[in-house]
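# Close look at the chain arrangement
So the chains spell out like this:
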Amino acid sequence: MKKLLLILLLLLILGGGGAYYYFFMLAPQDESAEPPPPPPPDNRFVEMKSLRIPVMRGGVVVNYVVLHLTLETVGPDNEELTQSLLPRLRNAFLTDLHGYFATVSVEDRLMVKALKRRLQIISNRVLGPGTVNEVLIQKAFKQKG
């Protein structure tokens, strides 16, 4: 009985070693390894002066909406283009948001997601698609007028 157990243990050890050698040492090496991952994007941030948009009701300013914005771009070329056209972009933001807040109720709360989507569309229109990846609203609040 002891001899049979000893032979079985010896076969198990040799079989495991042989399997290891076959699968890991003799296995063909894959020459077409995965390419290295692409480098992370070069995110750049362009801060804007705060926007102060008057909310008009009946020809009277009832509130001001104040937005602190940062524009996320990728690469130095897009950052430079955004910096150079920042006055034009600021004007487009103010013009559009003045009309937007004239029709939308701001008594309850500001709809930040709708504002971000709107500002992204405007920045794509002014600077070209893909220049600004995202418009980040750092602060958004109302002031009594």
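Reference entry: report on the structure contained in this document. (Residues numbered from 1 in each chain as written. Predicted model: local features only at pLDDT ≥ 70, side-chain atom pairs only at ≥ 80, totals over all residues. Heavy atoms only, no water.)

## Here's the deal with the overall build of the protein
When helices and strands are counted, the protein shows 4 helices and 4 strands. What you see in the protein, going N to C, is helices and strands ordered as α-β-β-β-α-α-α-β. The C-alpha radius of gyration computed for the protein amounts to 31 Å, which surpasses the reference 15 Å derived for 145 residues by more than 25%, pointing to a less compact arrangement than a globule. For the protein, the spread of C-alpha atoms along the three principal axes comes to 105 × 40 × 20 Å. Taken across its 145 residues, the protein has 26% of its residues classed as buried. If you sum the accessible surface of the protein, you get close to 10,500 Å²; carbon and sulfur atoms cover 62% of it. The averaged location of the 13 negative side-chain charges in the protein is 12 Å from the averaged location of its 17 positive side-chain charges. (Helix = DSSP H or I, 4+ residues; strand = E, 2+ residues; numbered from the N terminus. Rg over C-alpha atoms; globule rule 2.2 N^0.38 Å. Buried < 20%, exposed > 50% of the residue type's maximum accessible area, 1.4 Å probe, protein only. Areas by Shrake-Rupley, 256 points an atom, 1.4 Å probe, with all protein chains shown as cover. Lys, Arg positive; Asp, Glu negative; His and termini not counted. Charge placed at Lys NZ, Arg CZ, Asp CG, Glu CD.)

## Here we look at the packing of aromatic side chains
Per the counting criterion, the structure on display carries 1 aromatic pair. Taking 5.2 Å as the distance between ring centres and 65° as the angle between the ring planes, the aromatic pair formed by Tyr100 and Phe101 counts as edge-to-face. The lysine or arginine in question, Arg52, covers the ring of Tyr64, its NZ or CZ lying 3.9 Å from the ring centre. (Phe/Tyr/Trp six-rings, centres within 6.5 Å; stacked < 30°, edge-to-face > 60°. Lys NZ or Arg CZ within 6 Å of the ring centre and 35° of its normal.)

## A few points about the nonpolar core
Judged by nonpolar contacts, the single largest core of 26 residues is most densely connected at Leu67, Leu69, Leu71, Phe93, Leu97 and Phe101. Listing elements by their share of this core, those giving two or more residues are β2 (51-57), β3 (60-74), α3 (86-103), α4 (112-127) and β4 (132-144). If we ignore the near neighbours within four places in the chain, the residues touching Leu71 are Arg44, Phe45, Val46, Met48, Thr82, Leu86, Leu89, Val132, Glu134 and Val135. (Core = buried A, V, L, I, M, F, W, Y, C linked by side-chain atoms within 4.5 Å. Contact = heavy atoms within 4.5 Å.)

## Description of the pattern of salt bridges
This model, assessed by the stated rule, comprises 4 salt bridges. Here Arg44 ties to Glu79 by a salt bridge, and the two come within 2.9 Å at their closest N and O atoms. Here Arg44, found in strand β1 (residues 43-47), pairs with Glu79, found in helix α2 (residues 75-84); they are 35 residues apart in sequence, far enough to count as distant. For Arg44, a relative accessible area of 27% gives the class partly exposed. Residue class for Glu79 comes out partly exposed when judged on its relative accessible area of 21%. When the shortest N-O distance is used, the salt bridge between Lys116 and Glu134 registers 2.9 Å. Placement of Lys116 in helix α4 and of Glu134 in strand β4 is noted, with a sequence separation of 18 residues between them. What makes Lys116 partly exposed here is its relative accessible area of 25%. (Salt bridge = Lys/Arg side-chain N within 4 Å of Asp/Glu carboxyl O.)

## Some thoughts on the environment of His98
Of note, His98 is situated in helix α3. The exposure class of His98 is partly exposed, given its relative accessible area of 36%. As a C-alpha pair, His98 and Asn63 span 35 residues in sequence and 12 Å in three-dimensional space. Those residues in contact with His98 that lie beyond four places of it in its chain are Ile53, Pro54 and Met56.

## Side note on a nonpolar patch on the surface
Together, Tyr20, Tyr21, Tyr22, Phe23, Phe24, Met25 and Leu26 give the surface a local cluster of nonpolar side chains, amounting to about 880 Å² of exposed area. Inspection of the secondary structure assignment puts Phe23 in helix α1 (residues 2-25). Residue classification places Phe23 among the exposed residues on the basis of a relative accessible area of 54%. (Patch = residues over 30% accessible without salt bridge, like charges linked within 9 Å, V, L, I, M, F, W, Y side chains within 5 Å.)

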